[in-house]
Amino acid sequence: MRQRAKFTRILKGSNLSYMRRALDLSNKALGISNPNPPVGAVVVKDGVVVGEGFTGPPGTFHAEKEALNIAGDYARGASLYVTLEPCIHFGRTPPCVDSIIEAGISEVHASVIDPDKRVNGRGVEKLEASDIKVYIGELADDSSRRMQAHIKLMKTGLPFVTVKFAASLDGKIATSSGESQWITGNDARDIAHSMRGETDAIMVGIGTVLADNPRLTARGDYSPTTGRQPLRVVVDSNCRTPLNSALLFEPGQTIIASNKSSPTCDLPSSVTIEKFPGSSDRVDLSRLLSYLGKIPVSSVLVEGGSGLTGALFDEGLVDKVVAFLSPSIIGGINSLSAVSGVGAKIISDVIRLSDVEVTSAGDDLLITGYCLAE
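Along each chain, residue indices are assigned from 1 in the same order as the chain's sequence is written. In keeping with the predicted nature of the model, local features appear solely for residues at pLDDT of at least 70, side-chain atom pairs appear and are counted solely at 80 or more, and the whole-chain, interface and lining totals rest on all residues. Values reported for side chains reflect all heavy atoms of the structure, with hydrogen atoms and water molecules removed beforehand.

Regarding the overall build of the protein
Numbering of helices and strands starts at the N terminus; helices are DSSP runs of H or I of at least 4 residues and strands are runs of E of at least 2. In terms of helices and strands, the protein carries 10 helices and 14 strands. Note that the radius of gyration is over C-alpha atoms, with the globule rule given as 2.2 Å times the number of residues to the power 0.38. Computed over its C-alpha atoms, the radius of gyration of the protein comes to 22 Å, within 12% of the 21 Å expected for a compact globule of 374 residues. Expressed as lengths along the three principal axes of its C-alpha atoms, the size of the protein is roughly 65 × 45 × 40 Å. Two residues form a contact once any of their heavy atoms are found within 4.5 Å. Across the protein, the fraction of contacts at a sequence separation of at least 24, relative to all contacts at a separation of at least 6, is 68%. Entry remark: accessible area of the protein is about 17,800 Å², with carbon and sulfur atoms responsible for 50%. The positive count covers Lys and Arg only, the negative count covers Asp and Glu only, and His and the chain ends enter neither. Lys charges are placed at NZ, Arg charges at CZ, Asp charges at CG and Glu charges at CD. Looking at charge distribution, the protein has the averaged site of its 38 positive side-chain charges lying 4 Å from that of its 42 negative ones. All accessible areas in this document rest on Shrake-Rupley with a 1.4 Å probe, and a residue is counted as covered only by the protein chains that are shown.

With respect to the packing of aromatic side chains
Stacked, edge-to-face and tilted labels apply to pairs of Phe, Tyr and Trp rings (six-membered ring for Trp) whose centres lie within 6.5 Å, assigned for plane angles under 30 degrees, over 60, and everything in between, in that order. By the definition in use, this model includes three aromatic pairs. Summarising the aromatic geometry, the rings of Tyr18 and Tyr81 are spaced 5.1 Å apart at their centres and angled 50 degrees between planes, so their arrangement reads as tilted. Taken together, the residues span a long stretch of sequence, with Tyr18 in helix α1 (residues 17–27) and Tyr81 in strand β3 (residues 79–82) at a distance of 63 residues. It is Arg145 that lies over the ring of Tyr370; its NZ or CZ is 4.0 Å from the centre. Lysine NZ or arginine CZ positioned within 6 Å of the ring centre and within 35 degrees of the ring normal marks a charge as sitting over the ring.

Side note on unusual backbone geometry
For the bond from Asn34 to Pro35, the omega torsion is 15 degrees, close enough to zero to count as cis. As for its placement among the helices and strands, Pro35 is situated in the loop between α1 and β1 (40–45). Residue Pro296 follows Ile295 across a cis peptide bond; omega there is 5 degrees. Turning to its location among the elements, Pro296 is positioned in the loop between α9 (285–294) and β11 (299–302).

Things to note about the pairing of strand β12 (residues 320–326)
Type-normalised accessible area, obtained with a 1.4 Å probe on protein chains alone, sets the label of each residue: buried when under 20%, exposed when over 50%, and partly exposed for intermediate values. With seven of its seven residues buried, β12 lies for the most part within the structure. Neither face of β12 is exposed, since Lys320, Val322, Phe324 and Ser326 on one face and Val321, Ala323 and Leu325 on the opposite face are all buried. The pairing of strand β6 (residues 160–168) with β12 spans seven bridges and is classified as parallel. Bridge assignment links Thr162 to a residue of β12, and that residue is Lys320. Two strands qualify as a pair provided DSSP detects at least 2 bridges between them. The pairing of β12 with strand β14 (residues 364–371) spans six bridges and is antiparallel. In the strand pairing of β14, Val322 is matched with Thr368.

Some points on helix α4 (residues 122–129)
Among all positions in α4, only Gly123, Val124, Leu127 and Glu128 are buried. Along the long axis of α4, the arc covered by the buried residues comes to 130 degrees, so they all point the same way. Contacts from the buried residues of α4 go to α3 (96–103), β4 (107–110) and β5 (133–136). Asp131 occupies a position one or two residues after α4 and carries a positive phi of about 65 degrees. Throughout, the arc means that of the directions going from the helix axis to the C-beta atoms.

Here we look at a nonpolar patch on the surface
Exposure above 30% relative accessible area and the absence of a salt bridge qualify a residue for a patch, where like charges join within 9 Å and nonpolar side chains (Val, Leu, Ile, Met, Phe, Trp, Tyr) within 5 Å. The salt bridge criterion pairs a side-chain nitrogen of Lys or Arg with a carboxyl oxygen of Asp or Glu, the two atoms within 4 Å. A surface patch of nonpolar side chains, amounting to about 400 Å² of accessible area, comprises Ile351, Leu353, Val356, Val358 and Leu365. Among the elements that take part in the nonpolar patch, strand β13 (residues 353–361) stands out by supplying three residues, more than any other.

Thoughts on the sheet that holds β11
As summarised here, the arrangement of the nine strands in space is β10-β9-β8-β7-β11-β6-β12-β14-β13, forming an open sheet in which the pairing is mixed. In the strand order of this sheet, the two ends are held by β10 (271–275) and β13, each with one partner. Within the sheet, the average angular offset between the axes of one strand and its neighbour, ignoring direction, is 20 degrees. Angular values range over 0 to 180 degrees, each being the angle between N-to-C directions of two axes fitted as lines to C-alpha atoms, with helices fitted over their stretch in contact.

A few points about the pairing of strand β8 (residues 231–235)
By the criterion of burial, β8 is predominantly enclosed, with five of the five residues buried. Judged by which residues are buried, β8 turns out to be covered on both faces: Leu231, Val233 and Val235 on one side and Arg232 and Val234 on the other are all buried. As paired strands, strand β7 (residues 201–205) and β8 are joined by five bridges and run parallel to one another. If you follow Ala201 over to β8, its bridge partner there is Leu231. In this sheet, strand β9 (residues 254–258) lies alongside β8 in parallel orientation, the contact comprising four bridges. In the sheet register, Val234 faces β9, and the bridge partner there is Ile256.

Let's talk about the pattern of salt bridges
If you walk through the whole model with that rule in mind, you get eight salt bridges. With a shortest N-O distance of 2.7 Å, Lys152 and Asp319 are connected by a salt bridge. Taken together, the residues span a long stretch of sequence, with Lys152 in helix α6 (residues 148–156) and Asp319 in the loop between α10 (306–314) and β12 at a distance of 167 residues. Neither Lys152 nor Asp319 differs from the other in exposure class; each is buried. Across the salt bridge formed by Arg215 and Glu250, the nearest N and O atoms sit 3.2 Å from each other. Taken together, the residues span a long stretch of sequence, with Arg215 in the loop between α8 (206–212) and β8 and Glu250 in the loop between β8 and β9 at a distance of 35 residues. According to the relative accessible area criterion, Arg215 is partly exposed, its value standing at 38%.

Here it is in structure tokens:
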């Protein structure tokens, strides 16, 4: 493991408002910066913010370069606050470290070290070799949470998986006849669309496609300003997705994850079928997530159904849960529950969430939490 003690330090009594502003800016990069992480940056000169930016779509400036461009000559002798260690490698754009050095920045406050093996402390080392003071750790917990998808992908090669569902108070996601629209209200649906706009991919099972014919796009006020839509992934072991399914004709790309050979029928050019054969004639979800990670997809929002959600929980592949609870009772032994699968046999095996937050979404409750690591 690389030794980073010589530059890992937090500036005592630092003004955290600048890093908080950088974090606010990083929110604007969610959903548009992939394959780059959602980074925010602020340039400060003599206590005044002279430049700020966030990482844009691929091929555009990273947060640091955008902030430096706005600062112009004021960047010389200024401080840079950035939510992630500046990159040192060439991609679609030159290394941010070089731009920082050339701009004459005197000190860099990086909230967290980038676990990307191409960076991982090397950016800081080059900055310090150029006599730039570097401080690490301001609001590190907040930045790590904001960068959770990037961090997981860099460390494991797998995307960060969030399971979202809307259910009645008794945990049902549909009536006994299969009707499911709408259990929750408009506020909950608005939040769901905002989540779609911030994720790299949306995943559903074939049951959801057949029952609801969803479009799986971020729409209305939450449609990405870049026109980008998240990748749609349908887990469909037996290639039963109807050729007139709405999601096949929406903007963006669709992957049908199957356990069978591709059908001979024509599909839109935006749709591909990939095989991930698993046991019991089911899609191997671990292989599917590994494939998505190589694209790279850093975040996956799972929107159902019950079988897919249960399988992901059974295999320990869920990182976060977002549950909307409606103040209603559906009942019925044949009504679908939010999570099926094998589940826990004894209480000690149940999946308990950490960092739980409970807020309101109109008349509904929004409960979020993270799955505890085993």
